[in-house]
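# An overview of the molecular structure
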Amino acid sequence: MTDAAAPPPERRAAPPRAPLAFQWDKATFAALALAAIVLLGVAAPLIAPHDPDAVDLVSRSLPPVWNAGGTWQHPFGTDNIGRDMLSRCLYGIRTSFGIAALGLVFSSCLGIAIGIAAGLGGRLADRLLMTVVDVFITLPNLLLMLCGIALLGSEIWVLVVMIGLVKWEGYARLVRGQVLSLRETGYVEAARTLGASGWRIATSHILPNLASPLVVILTLAFPGVLLMEAGLSFLGVGVQPPTSSLGRMIGDGRDYLIHSWWISGIPALIIVAITLCFQIIGDGLRDRLDVQLDD
Amino acid sequence: MLSFMANRFARAAVTMFLVLVIAFLTLRLSGTPFEFMYPEGLTPELEARLAEKYGLDRPLPEQFVAYLGQVAQGEFGRSLHSREPVVEMYLRGMPHTLTIGGLALVLAIAIGIPLGAAAALWRTSPGARIGMGIAFLGYAVPHFVIGIGLILLFGYHWRVLPTTGLDTWKHYILPIVCLALPMIAGLARFMRAAMMDAISHAHVLTAVSTGAPPARVVRLHILRNAALPLITVLGLEIAGLLNGSIFVEAVFSLPGVGRVLVGSVENRDFPVLQFGVIAYAAIVVAVNLAIDLLYVAADPRVRLEE
Amino acid sequence: MTEARPLSGVPVAEAAALLEARGVHVTFHAHGGPVPAVRGLDLTLARNETLALVGESGSGKSAFARALLRMNAPPFTRHRATVSGSARLAGAGDLIAATESDLRGVRARRVAMIFQDALSALNPVMRAGRQVEEALAMARPGLDRAARRAEVGRLFAEVALPESAALARRYPHQLSGGQRQRVVIALALARAPDLLIADEPTTALDVTVQARILRLLGRLRQERGMAMLFITHDLGTVSRIADRVAVMYAGQIVELAPRETLFAAPGHPYTRGLLASRPGRRRPGERLTGTAPDPREVGPGCAFATRCLLAEAACSAHQPLRQVGPAFVRCWKVPA
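Residues numbered from 1 in each chain as written. Chains lettered and ligands numbered in written order. Predicted model: local features only at pLDDT ≥ 70, side-chain atom pairs only at ≥ 80, totals over all residues.

### Description of the overall build of chain C
Selection criterion: Helix and strand assignments come from DSSP, with helices taken as H or I runs of at least 4 residues and strands as E runs of at least 2, each series counted from the N terminus. All radius of gyration figures rest on C-alpha atoms, and the globule criterion is 2.2 Å times the number of residues raised to 0.38. Any residue surrounded by 20 or more other C-beta atoms within 10 Å of its C-beta is treated as buried, while 12 or fewer makes it exposed and the intermediate range makes it partly exposed; C-beta atoms here are placed from the backbone. By the convention adopted here, residues are in contact when the distance between their C-beta atoms, placed from the backbone, does not exceed 7 Å.
Helix and strand counts for chain C come out as 11 helices and 12 strands. Taking 336 residues into account, the globule formula puts the C-alpha radius of gyration at 20 Å, and chain C, at 20 Å, falls close to it. Taken over the C-alpha atoms alone, chain C extends approximately 65 × 45 × 40 Å along its principal axes. When each of the 336 residues of chain C is scored for burial, the buried share is 48%. Of all intrachain contacts in chain C linking residues separated by at least 6 positions in sequence, the fraction that spans at least 24 positions is 66%.

See below:
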């Protein structure tokens, strides 16, 4: 059977590779850059030159070191009440990534649990839960989060829970698919008759298969979650002082943009860098997955 | 087709119902409004009597029905802060939000779609590469960061455009661009992918084999086919527009609807919040429904399902 | 059955030839390197004859056909292809060297091509009749809308499609497989071509529908006096419709013979293997084993040597086509 335009020998181009295999391309560089940023955030308590909350009205609104009037004391300058920008940025990275990670953990646990319940439960449970999923998808995320924050306050746990609540469907669908396909092999029935509980089946058979696609989904979902927190904090309803995140810093510095661009500008640049890295990684992952699918 | 439409209508109805439930719960769970009416303090007896008078001692489902009745009549109460009727607060900001959103949508469609189509047809030209590179950036970076960037460039570095408020027509430029940029990027990326997919279909080969010139092939066989999924994407982008305008209004301090909404969260002004939630959700649901129906009408494969 | 013309494998006199291909090379530029799909093909096609081009996937038959109409250039296909050699069409010159606009004229009025999968060959969001109208608009620009529609009706009747008016308004997915293929044929006939290239037009159809389409093609060819280049891998189809048969292997023609000669006394070992491999054949001993080679790895000698039971050292030298009776065979071991 003839193909559209290319002769069959083309299939021998490259052997199929695992999507997460190591390769020196754009995506790998982006991943390394991202890892470096995360490390800086994690190490913030160790490497930050100043206390991020230390107010110093004498040296307020100092420009970064590469502008006139800057000093190496405060390489990224200071904000309008004299807090060191470099330290604030480091801690800001830490906070932003921390909340995003926690939110993802929460949403993936929630999604996995619901997915397993939908897959292992009867048809009614499955139908019900999947309807819930469908409706949840159409609900506007931002509004839900705003309601939750208005009701419960802006504490960190609220943000984590809210972020988790709007993002769990993807995991639920993935897990449910896995469970259902496993069921078709009759394995679940057999295990059940042997007395294994649902929990046992889930942990020893379903979860191990999920590892690889789960990692991919989490990587693709991370930037969205990160930016959600940043956006909420920018609006003022996310993290509250003295805690600071990149988004919060941008929001606080908005009014001083014309005079002290670095207060908002530098955290904004950091966000752009992070976003770019994630975008490149995401595209790279998708490309590799597509190559796999073609084979 | 009918079953498809009925299904979509049902989904929309269920979603709106859920939104109303959430709005209602937000309102009730936030505590009673009486502390505000009597700042000097309430005695338990007074509170009980007021509760009875306003029907707050009835069971929740009953209250919900009453609430639905109020919503149907357009009764959304007053702000806890300014005592203004909620609806008026939103109506004041509506024209600005709609203007900026509408113009941004037009701009995004006018630039994004041709950009993506051109990138697909002249895949290898340097112009296409550059264009898609910019789209790449604009797609991922959030609205408020883009806004900061625009302010720094045009308001600070070059000092050509105003950056706060909406006094003159010049004030509209940056907010509209800021809102439109991610949409342009998204539409361009999508259009390029859809066109490249349409090109690879065999019917294009057939068309070429009839001796049709490239322009005709593109018009009749590629663009037409890529237009279908475009409808769906447009729906998604419009929903994103509502989200984005909240951030854009915050960055540029615009007197729009978004500011009212965010303010209500900060001030825990629940009557204002619940109306914003309902209105935004209603718009999103309505747009999604319209898009679904439009798609069904446009794709003969779905429309004529026997 | 078509009236058998006493054609031999001898090149037809130039005056009567419709298509003359000489030294055609088609090379694809894929990511892994150049792939020589067609390696020096010579072919002559007379008016009013059906030539079957037979081979396995990857033998280069489709690549050759598409190269004739230059249907292998981006952005409409995945890979770039370079074509060299000449392919003279009577009254139109060398197709391979023609300009794009000249070639479009050829596509619109002289040579039509139909493809295997009729469902994807038709635009899913355009009505069937409209697509044929489009082809007519290219072929006969002088017709107005009403005349075109009338012509579409006539074409539909010619390909035995019932209720042509209602059918024309339908979309491709609403038609059966056989109907779709008839629409594709009508699309080709709209150009009143001198040459119809059919690339595996019946492979995707049911057996009963296959037979009907083959009969239709045979009848149309005779009524309109077209030449047909019929590409297939199915020998059963060949036996029903071809006047001459060209067998391709790894980008070259290895045997060119009149239909009767090929089936009765096949020359090339590959041809013999093909015939023996048909289900139900009585001599399983000669069946083909192994798979076709990667065209990139084929040397100057016989490409079939790796699978041939008669292979010797001398087979690695360049093998020209030798005349063996009424046929041409690319194998030095076949007695003349």
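### Examining the confidence of the model for chain C
All names here are of chain C. Note the cut-off: Values of pLDDT, which run from 0 to 100, indicate the predictor's confidence residue by residue.
Averaged over all residues, the pLDDT of chain C equals 82, while 91% of them reach at least 70. Here residues 1-15 is a poorly scored stretch, pLDDT under 50, and it has 21 contacts once near neighbours within four places are set aside; other chains count. We note a pTM of 0.73 for the whole complex and an ipTM of 0.80 for its interfaces.

### Some words on the interface of chain B and chain A
Definition in use: The residue classification treats Ala, Val, Leu, Ile, Met, Phe, Trp, Tyr, Cys and Pro as nonpolar and Asp, Glu, Lys and Arg as charged. All others, Gly included, are polar.
Across the contact, 39 residues belong to chain B and 33 residues belong to chain A. Looking at the side of chain B that touches chain A, the elements that each hand over two or more residues are helix H1 (2-29), helix H6 (126-140), helix H7 (143-157), helix H10 (214-251), helix H11 (257-266) and helix H12 (270-298) of chain B. Among the residues making up the side of chain B that touches chain A, the classes are represented as 29 nonpolar, seven polar and three charged.

### Quick look at the sheet that holds strand S1 (residues 17-30) of chain C
All names here are of chain C. Inclusion rule: When DSSP locates at least two bridges between a pair of strands, those strands are taken to pair.
The strand order S2-S1-S4-S5 describes an open sheet built from four strands, whose pairing is antiparallel. Every other strand in the sheet has two partners, leaving strand S2 (33-46) and strand S5 (93-94) as the edge strands with one partner each. Relative to S5, strand S4 (residues 80-89) runs antiparallel, the two sharing two bridges. The partner of Arg88 across the bridge, within S5, is Asp94.

### Quick look at the nonpolar core
Side chains of a nonpolar character, in soluble globular proteins, are inclined to be buried together. Applicable threshold: Each nonpolar core consists of buried Ala, Val, Leu, Ile, Met, Phe, Trp, Tyr and Cys residues. Their C-beta atoms, within 7 Å, join them into a set.
By size, the foremost hydrophobic cluster in this structure holds 234 residues, and its most contacted members are Val132, Ala186, Leu229, Phe230 and Ala246 of chain C. Broken down by element, this core gets its largest block of residues, 18 residues, from helix H8 (residues 170-199) of chain B. Those residues in contact with Ala186 of chain C that sit more than four places away from it in its chain are Val132, Leu155, Phe156 and Val159 of chain C.

### What about the packing of H10 of chain B against H12 of chain B?
Residue and element names in this part refer to chain B. Note the cut-off: A fitted line through C-alpha atoms represents every axis, and for helices the fit uses only the stretch in contact; the resulting angles, taken between N-to-C directions, go from 0 to 180 degrees. Reported orientations rely on four angle classes, namely roughly parallel under 35 degrees, roughly antiparallel over 145, roughly perpendicular from 65 to 115, and oblique for the rest.
Where H10 meets H12, the closest approach of the two axes is 9 Å, and the angle between their N-to-C directions is 175°. By the angle class used here, H10 and H12 are roughly antiparallel. Mapping the contact onto sequence places Leu228, Ile231, Thr232, Leu234, Gly235, Ile238, Ala239 and Leu242 in H10 and Tyr280, Ile283, Val284, Val287, Asn288, Ile291, Leu294, Tyr295 and Ala298 in H12. Among the residues forming the contact of H10 with H12, the class breakdown is 14 nonpolar, three polar and no charged.

### Thoughts on helix H9 (residues 202-209) of chain B
At 3.6 residues per turn, the α-helix brings residues three or four places apart onto the same side. Taken across its eight residues, H9 of chain B has seven buried, putting it largely inside the fold. Within the sequence span of H9 of chain B, burial applies to His203, Val204, Leu205, Thr206, Ala207, Val208 and Ser209 of chain B. Looking at the packing, one finds that the buried side of H9 of chain B touches H8 and H10 of chain B together with helix H2 (100-109), strand S6 (111-114) and helix H3 (118-121) of chain C. One or two steps after H9 of chain B, the chain reaches Gly211 of chain B, where phi turns positive at roughly 85°.

### Considering the environment of Leu241 of chain B
Residue and element names in this part refer to chain B. Relative to the helices and strands, Leu241 resides in helix H10. Along the backbone, Leu241 and Met89 are 152 residues apart, and their C-alpha atoms lie at a distance of 21 Å. In contact with Leu241, not counting residues within four places along its chain, are Gly101, Ala104, Leu105, Leu179 and Met183.

### Points about the sheet that holds strand S9 (residues 244-249) of chain C
Residues and elements named next belong to chain C. Read from one edge to the other, the open sheet built from eight strands follows the order S6-S7-S8-S3-S9-S10-S12-S11, with strand pairing classed as mixed. This sheet does not close on itself; its edge strands, each paired only once, are S6 and strand S11 (322-324). Across the sheet, the mean angle from the axis of one strand to that of its neighbour is 20°, orientation sign disregarded. Pairing between strand S10 (residues 252-258) and strand S12 (residues 327-329): two bridges, direction antiparallel. By the bridge assignment, Leu256 is partnered in S12 with Phe328. Contacting strand S3 (50-54), S6, strand S7 (195-199), strand S8 (227-232) and S9, helix H1 (residues 61-68) runs over the sheet at an angle of about 145° to S8.

### Description of the environment of Gln319 of chain C
Residues and elements named next belong to chain C. The residue Gln319 is located in the loop between helix H11 (269-276) and S11 in this model. By the C-beta count within 10 Å, which is 22 here, Gln319 ends up buried. Gln319 sits 151 residues away from Ala168 along the chain, and the two C-alpha atoms are 52 Å apart. Filtering out sequence-adjacent residues up to four positions away, Gln319 remains in contact with Gly301, Cys302, Arg330, Cys331 and Trp332.

### Comments concerning the pairing of S10 of chain C
Residues and elements named next belong to chain C. Of all seven residues that make up S10, seven are buried, and the element is covered over most of its length. In this sheet, S10 lies alongside S9 in antiparallel orientation, the contact comprising six bridges. Bridge pairing links Val247 to Glu255 in S10. Here S9 hands over to S10 after two residues, with Ala250 in that stretch at a positive phi of 50°.

### A word on the packing of helix H4 (residues 128-139) of chain C against helix H5 (residues 145-158) of chain C
Residues and elements named next belong to chain C. Under the convention used in this document: Crossing handedness is read from the near helix: turned anticlockwise from the far helix by less than a right angle, it gives a left-handed crossing, and turned clockwise, a right-handed one.
Orientation of H4 relative to H5, taken along the N-to-C sense of each, is 110°, at an axis distance of 9 Å. Here H4 is positioned roughly perpendicular relative to H5, judged by the angle of their axes. When the axes of H4 and H5 are compared, the crossing they make is right-handed. Contacts from Gly129, Val132, Glu133, Leu136 and Ala137 of H4 reach H5 at Arg148, Arg149, Glu151, Val152 and Leu155. Here the contact of H4 with H5 is built from residues that sort into five nonpolar, one polar and four charged.

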